[in-house]
Amino acid sequence: MLNGIKLVRVDFRLIHGQVVTKWSNTITAKTIIVVNDELSEDEFMADIYVMAAPPGIKVEVLSIAAFTEQAKTGQYDKGSILVLFKNIEDVRRTAEQGISFKEVQIGGLGAAGSKTSVVKGISIDREDADNLLYLKDRGTEVSFQVTPEETKLPLDKALKKLGV
């Protein structure tokens, strides 16, 4: 199931230069699916993300419910798909709907409030850590990586920086 999904990434910037040029080329993505309830209801912003994608890459902006429904009906079993989430909580909410990902990559997450930097450009807090542990407990490999050239930081090493 979900064999068409080549990369699941959390990056608050969603479709931006790094994702489009580096990650979509690394996995040769033909489709980018942005999963976020707010964006799925904001046609103007959704159109901006569609226009940000390079020619030849299809972009869909879906709610968690719509993504989950399509995943359960086998729509992501084939292809070359990059799935983008704006935050870690949305990935957990998707997992709670019965969708399991083999691997989730944490990319750009800005520092705000009580968040601690675990990798340059990636900051998480205790709630994020709990949500990532929820995913790990369900068999998902979680790693932190901003660009393909950088080494993946496994979840357990990142959590040590938080004191978890």
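Parameters at a glance
- Residues numbered from 1 in each chain as written.
- Predicted model: local features only at pLDDT ≥ 70, side-chain atom pairs only at ≥ 80, totals over all residues.
- Heavy atoms only, no water.
- UniProt positions renumbered as here; feature names shortened; annotations may be inferred.
- Helix = DSSP H or I, 4+ residues; strand = E, 2+ residues; numbered from the N terminus.
- Rg over C-alpha atoms; globule rule 2.2 N^0.38 Å.
- Buried < 20%, exposed > 50% of the residue type's maximum accessible area, 1.4 Å probe, protein only.
- Contact = heavy atoms within 4.5 Å.
- Areas by Shrake-Rupley, 256 points an atom, 1.4 Å probe, with all protein chains shown as cover.
- Lys, Arg positive; Asp, Glu negative; His and termini not counted.
- Charge placed at Lys NZ, Arg CZ, Asp CG, Glu CD.
- Pairing = 2+ DSSP bridges.

Where an unreviewed UniProt entry is consulted, the chain appears under the name PTS sugar transporter, with the organism given as Paenibacillus macerans. Recorded in UniProt for the chain, the comment headed Subcellular location (unreviewed entry) runs: "Cytoplasm".

Novice: Report on the overall build of the chain, specifying residues and quantitative values.
Specialist: If you tally the helices and strands in the chain, you get 7 helices and 9 strands. Relative to a compact globule of 164 residues, whose C-alpha radius of gyration would be 15 Å, the chain shows 15 Å and is just as compact. Principal axes of the C-alpha set define a box for the chain whose edges measure 40 × 30 × 30 Å. Counting every position in the chain, which comprises 164 residues, the buried fraction comes to 49%. The long-range fraction of contacts in the chain, counting pairs at least 24 apart against all pairs at least 6 apart in sequence, stands at 73%. Carbon and sulfur atoms make up 49% of the accessible area of the chain, which amounts to about 8200 Å² in all. Taking the average location of the 21 positive side-chain charges in the chain and that of its 23 negative ones, the two points are 8 Å from each other.

Novice: Lay out the sheet that holds strand E1 (residues 5-10) in plain terms, naming residues and giving numbers.
Specialist: Hydrogen bonding along the main chain pairs the strands of a sheet, whether they run parallel or antiparallel. Spatially, E3-E2-E4-E1-E5-E8-E9 is the arrangement adopted by the 7 strands of the open sheet, whose pairing is mixed. The open sheet has two free edges, formed respectively by strand E3 (58-62) and strand E9 (153-154), since each of these has just one partner strand. Direction of pairing for strand E8 (residues 141-144) relative to E9: antiparallel, over a ladder of 2 bridges. Note that in E9 the partner of Phe 144 across the bridge is Leu 153.

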